[in-house]
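Geometric and topological summary
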Amino acid sequence: MPDSLPFGIVGAGLSGLVAAMRLHEAGHAVVVWETRDRVGGRTWSPPLGPDSLHLDLGAAWHWTEHTRVQALAEQLGIARVSQHEPGTALYEPRAEQPVQRFPWPETPPPSWRLEGGTQTLAQHVAADLPNDAIQLNHRVTDARQTEADVQVRVAGPDGPSSTAVAHLIIAVPPRLVAHTIDFDPALPDTLTSAQRETPTWMAASGKAVATFADAFWRRQGIDGRVVSHAGPVAHWHDAVAPNGRAALAGFLHPSGLQGLATDGRKALHAAIRRQLAHCFGDDTPAPTAIATSNWRTDAATTPPGVAPMQVEHPPTPPSVLTRPCWNGCLLWASAETATEHPGYLDGAIEAGERAAQQVFEASPEAASTR
Ligand SMILES: Cc1cc2nc3c(=O)[nH]c(=O)nc-3n(C[C@H](O)[C@H](O)[C@H](O)COP(=O)(O)OP(=O)(O)OC[C@H]3O[C@@H](n4cnc5c(N)ncnc54)[C@H](O)[C@@H]3O)c2cc1C
């Protein structure tokens with residue numbers, strides 16, 4: 001295989017970018033194709049409100065055992081923010097019933113967010129790659145193994161194109177791979193069916209974030225948590241930034257997701273304002289801004305027309321999902337293929353590092369060219 005060929009990576013989520021970072025550190029040229037106009041995948045923390053707060057519309061937390069996230073944040077100089085401890089919370093049984101206060105019954109395991117939002121991990125890793133390494137708005141449609149290389153077909157703003165790479169790492173949720181990328185020669189049936197049966201963690205969910213002039217709930221002696229059976233948000237929590245800028249964040253209730261699908265975003269945001277007034281009182285300050293996400297209908301997470309699978313916990317992946325194909329030239333990353341914390345940010349890092357390591361094992365001369 002010619003030395004000059006770059007290593008290809010599909011997907012600029014955390015997993016693909018970690019793989020790219022490791023290969024780049026070993027001295028290789030990398031090209032990362034990303035179908036969206038941004039990096040980060042299921043981490044997404046766009047600026048919101050008058051203070052441009054970066055709130056998490058995708059992944060938010062990591063826990064004590066997520067040591068890879070902690071190590072990467074430290075390496076990149078990103079501060080970790082301890083999640084506000086629960087105290088007195090609110091319970092909203094129905095929109096027309098009074099809201100009740102209750103002491104949060106348990107002390108949850110400690111968790112942290114990242115200053116600037118979790119997307120900042122991907123943004124920092126991307127910033128350390130060469131300028132032309134990441135091709136945004138480029139969707140990989142198929143990959144073909146030849147005797148000399150792997151040919152990658154990509155649909156970009158200027159039309160379709162083909163690029164030869166030495167190794168190709170697919171850092172896309174397995175279920176999405178099975179529905180949207182073609183392989184020649186075809187993948188083994190056992191692999192394709194395992195990919196189809198692997199739920200994409202949190203793909204069935206949506207989130208809401210809201211900014212405020214101040215954290216009035218703390219003055220009311222409430223920790224910011226609201227548990228609601230009414231919706232449109234099922235579970236609010238405190239998301240105040242380290243500089244004190246006030247925000248709440250939450251997961252959409254099924255009624256919120258349904259409302260978004262049928263009535264649109266404007267109607268959902270109006271319903272969120274009504275819910276906040278109902279929970280905290282009519283005289284509480286209205287949010288200065290609201291944003292929502294819906295990962296169910298996000299074509300770069302959930303294959304179009306295919307209902308997301310809902311599971312309590314991400315399953316441990318079968319080993320076929322992690323095994324290289326095509327004599328070590330086609331490799332798999334993505335959080336769902338991690339063995340330790342599948343589905344989570346920590347798993348995304350593990351899987352990206354594993355895929356890079358497998359490239360080094362497949363061609364030992366690739367381990368370092370420096
Ligand atoms: C609402 C929500 C809340 C979550 N909360 C948490 C949490 O609190 N803690 C936690 O640890 N984890 C959480 N997660 C999971 C976490 O976001 C994921 O584990 C992690 O971001 C996955 O990274 P990844 O790189 O494996 O996949 P992704 O982030 O999905 O990245 C895959 C990338 O591939 C791109 N792509 C797809 N198809 C193609 C193609 N054909 N060509 C080119 N590019 C393509 C996508 O656009 C995407 O950028 C949450 C997820 C969601 C959605």
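What counts and what doesn't
Residues numbered from 1 in each chain as written. Predicted model: local features only at pLDDT ≥ 70, side-chain atom pairs only at ≥ 80, totals over all residues. Heavy atoms only, no water. Buried < 20%, exposed > 50% of the residue type's maximum accessible area, 1.4 Å probe, protein only. Helix = DSSP H or I, 4+ residues; strand = E, 2+ residues; numbered from the N terminus. Pairing = 2+ DSSP bridges. Right-handed = clockwise from strand over helix to strand, strands pointing away. Near = heavy atom within 4 Å. Polar contact = N/O pair within 3.5 Å; in protein donor to acceptor, adjacent residues only side chain to side chain. Areas by Shrake-Rupley, 256 points an atom, 1.4 Å probe, with all protein chains shown as cover. UniProt positions renumbered as here; feature names shortened; annotations may be inferred. Expected span 1.5 Å × (residues − 1). Contact = heavy atoms within 4.5 Å. Axes fitted to C-alpha atoms, helices over the stretch in contact; angles between N-to-C directions. Parallel < 35°, antiparallel > 145°, perpendicular 65-115°, else oblique. Left-handed = near helix turned anticlockwise from the far one by under 90°. Nonpolar A, V, L, I, M, F, W, Y, C, P; charged D, E, K, R; others polar.

With that settled, the discussion passes to the pairing of strand E1 (residues 7-10). Successive side chains on a regular strand alternate, one facing one side of the sheet and the next facing the other. Of the two faces of E1, the one holding Phe7 and Ile9 and the one holding Gly8 and Val10 are both buried throughout. Note that E1 and strand E2 (residues 30-33) share four bridges and pair parallel. Bridge assignment links valine 10 to a residue of E2, and that residue is tryptophan 33. Between E1 and its parallel partner E2, the chain crosses via helix H1 (residues 14-25), and the hand of that crossover is right-handed. As judged from the three bridges shared by E1 and strand E14 (residues 168-170), these two strands associate in the parallel manner. For glycine 8, the partnering residue across the bridge sits in E14 and is leucine 168.

Moving on, we get to the site of the ligand. Glu34, Arg42, Trp61, Ala335 and Gly343 are the nearest of the 38 residues found near the ligand. Contacts to the ligand include leucine 14, whose backbone N or O atom sits 3.1 Å from an oxygen atom. Between valine 140 and the ligand, the recorded distance is 2.9 Å, taken from a backbone N or O atom to a nitrogen atom. Contact with the protein chains hides 98% of the accessible area of the ligand, taken as 1000 Å² for the molecule alone. Contributing elements (two or more residues each) for the shell around the ligand: H1, strand E11 (139-145) and helix H9 (345-362).

All right, on to the UniProt feature "domain: Amine oxidase" (unreviewed entry) in the protein chain then. With numbering matched to this structure, UniProt assigns "domain: Amine oxidase" (unreviewed entry) to residues 14-91 and 111-359. Annotated as residues 14-91, this span is 28% helix and 22% strand, and its ends, taken at the C-alpha atoms, are 35 Å apart. Span residues 111-359 is 28% helix and 26% strand, its end C-alpha atoms 33 Å apart.

The first and last C-alpha atoms of H1 sit 16 Å apart over 12 residues, in line with the 16 Å expected at 1.5 Å per residue. By the criterion of burial, H1 is predominantly enclosed, with nine of the 12 residues buried. Listing the buried residues of H1 in full gives Leu14, Ser15, Gly16, Leu17, Val18, Ala19, Ala20, Met21 and Leu23.

Next up on the list: H9. Working note: α-helix, 3.6 residues per turn, so residues spaced by three or four point in the same direction. Between its first and last C-alpha atoms H9 spans 26 Å; for 18 residues at 1.5 Å apiece the expected length is 26 Å, and the two agree. The buried fraction of H9 is high, at 14 of 18 residues.

Note on placement: threonine 292 falls in strand E20 (residues 289-294). By relative accessible area, which is 6% here, threonine 292 ends up buried. At 2.7 Å, the side chain of threonine 292 forms a polar contact with the side chain of arginine 265. Engagement of the side chain of threonine 292 in a polar contact is seen with the side chain of histidine 269, the distance being 2.7 Å. The contact partners of threonine 292, leaving out residues within four places of it in the chain, are Leu57, Lys207, Ala208, Arg265, Leu268, His269 and Ile272.

We now examine the pairing of strand E19 (residues 246-252). Burial analysis of E19 places six of its seven residues in the buried class, the great majority of the element. Examined bridge by bridge, strand E16 (residues 206-212) and E19 share six bridges and lie antiparallel to one another. Along E19, the bridge assignment pairs threonine 211 with alanine 247.

This part covers the sheet that holds strand E6 (residues 80-82). Ordered by their spatial adjacency, three strands build an open sheet running E5-E9-E6, and the pairing between neighbours is antiparallel. Unpaired on one side and paired on the other, strand E5 (62-63) and E6 mark the two borders of the sheet.

The next thing to look at is the packing of H1 against helix H3 (residues 119-127). The contact between H1 and H3 brings their axes to 10 Å, and the two run at 30°. Judged on the interaxial angle alone, H3 and H1 are roughly parallel. The two elements H1 and H3 meet at a crossing, and its hand is left-handed. Within the contact between the two elements, H1 uses Leu14, Leu17 and Met21 and H3 uses Leu121, Ala122, Val125 and Ala126. Along the lines of polarity and charge, the residues of the contact of H1 with H3 split into seven nonpolar, no polar and no charged.

This brings us to the sheet that holds strand E18 (residues 233-238). Spatial strand order, E8-E7-E17-E18-E19-E16-E20: seven strands in an open sheet with mixed pairing. Each end of this open sheet is capped by a strand with a single partner; those strands are strand E8 (100-103) and E20. On average, each strand axis in the sheet is inclined to that of its neighbour by 20°, with strand direction left out of account. On the sheet, helix H7 (residues 254-263) packs against E16, E19 and E20 and is oriented at approximately 85° with respect to E19.

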